[in-house]
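# Notes for the structure review
Each chain is listed here by its residues.
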Amino acid sequence: MSAAKFFEHIDLLRCPVCGTAFSRAAQSLVCENGHTFDPSRKGYVHFLPNAKPSKYDAALFEARRRILEAGFYDGVIRAISAAIPSDADVLLDAGCGDGTFTKALGRGVTIGIDNAKDAIALAARGGNSILWTVGDLTRMPVADASVDVILNLFSPAHYGEFRRVLKPDGRLLKLVPQSDYLKEIRALLGERDYSNEAVVSHLCERFRLLDRVRITESFDLDERQAADFLAMTPLTFDVAPDRLDASQLTHITIDVELLIAQ
Ligand SMILES: [Zn+2]
């Protein structure tokens, strides 16, 4: 059952090694050159068998999931949802992490890709119809011109690959942090503000920017939520734990921009 969804939508996938189409052989996806990948009974395909462990580990993704489920990003999810055309049949979440956004936004046939196996295993847990893949954004296991909407949320991009897999009139929805995003955590760490204009200009080399939507909200935090925010952000990856005092974090600001491009 959990593997069947991949065979049902085999035409949306392609070999990430050589780029040829897959066909089914027993319980495997086999490309024209014999590269073979087996959908796991857990509901995902591991297209990166030699991947190195990531700093994005299960603890980070579980903290992120609790934060998303507590509703801190509900306004962000509403804004993204409003930007997905109603007739979109195939969605791809490129850099989907633990899949919480993917599940909130997915419709039609939805593919989730991330290079962190822990994240994809968490996303697939419990069984669902989304096609979860452990893969590389620079060589996605996705067929040419097959996708209506790419979501690229808080994740690096590969615009050449995005162009390849999108249908000609497909849409890219990219979510980027803005200057006040998690500013309370950056203040604790003594870090400076940053700007995303370089990200925007890079996107505009390959895509036409249709609209920019900014979402800014502030929230009070309890200590458990503060600890989860500290655990879920790459801002704290290289910070000694004794510098991270969750009791000092009593508020948090979400400040992001949704870039809608074609
Ligand atoms: Zn191949």
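Bear in mind that the values here come from a model prediction, so they are computed numbers and not experimental data. (Residues numbered from 1 in each chain as written. Predicted model: local features only at pLDDT ≥ 70, side-chain atom pairs only at ≥ 80, totals over all residues.)

### Description of the overall build of the protein chain
Which entries qualify depends on this criterion: Under the DSSP-based scheme used, a helix requires at least four consecutive residues in state H or I and a strand at least two consecutive residues in state E, with every element numbered from the N terminus. Radius of gyration here uses only the C-alpha atoms, and the compact-globule reference equals 2.2 Å multiplied by the residue count raised to the power 0.38. Exposed residues have 12 or fewer other C-beta atoms within 10 Å of their own C-beta, buried residues have 20 or more, and partly exposed residues fall in between, where C-beta atoms are placed from the backbone. This entry defines residue contacts through backbone-placed C-beta atoms, with two residues in contact when those atoms are within 7 Å.
Looking only at helices and strands, the protein chain features nine helices and 11 strands. For 262 residues, the compact-globule estimate of 2.2 N^0.38 gives 18 Å, and the protein chain sits close to it at 19 Å. Dimensions of the protein chain along its principal axes, counting C-alpha atoms only, are 55 × 35 × 30 Å. Looking at the protein chain residue by residue over its 262 residues, the buried ones come to 38%. A separation threshold of at least 6 residues defines the contact pool for the protein chain, and within that pool the share at least 24 residues apart is 63%.

### With respect to the packing of helix 2 (residues 58–69) against helix 9 (residues 223–232)
What counts here: Note on method: axes are straight lines fitted to C-alpha atoms, helices fitted across the in-contact stretch only, with angles between N-to-C directions ranging 0 to 180 degrees. What sets the label is the angle itself: under 35 degrees gives roughly parallel, over 145 gives roughly antiparallel, 65 to 115 gives roughly perpendicular, and the rest give oblique. For any helix crossing, the convention is left-handed if the near helix is rotated counterclockwise from the far helix by under a right angle, and right-handed if that rotation is clockwise. Polarity classes work like this: nonpolar for Ala, Val, Leu, Ile, Met, Phe, Trp, Tyr, Cys and Pro, charged for Asp, Glu, Lys and Arg, and polar for all others, with Gly in that last group.
Packing of helix 2 against helix 9 brings their axes to within 8 Å, and their N-to-C directions diverge by 130°. Of the possible angle classes, the one that applies to helix 2 and helix 9 is oblique. Helix-helix and strand crossings are classified by hand; for helix 2 and helix 9 the assignment is left-handed. Touching A59, L60, A63, R64, R66 and I67 of helix 2 are D228, F229, A231 and M232, all from helix 9. Considering only residue class, the contact of helix 2 with helix 9 consists of seven nonpolar, no polar and three charged.

### Details of the nonpolar core
Under the convention used in this document: The term nonpolar core means buried Ala, Val, Leu, Ile, Met, Phe, Trp, Tyr and Cys residues held together as one set by C-beta atoms within 7 Å.
Judged by nonpolar contacts, the single largest core of 68 residues is most densely connected at L92, I120, V147, I150, L151 and F229. Discounting chain neighbours no more than four positions away, the residues touching V147 are V90, L92, V142, V165, L166, K167 and G170.

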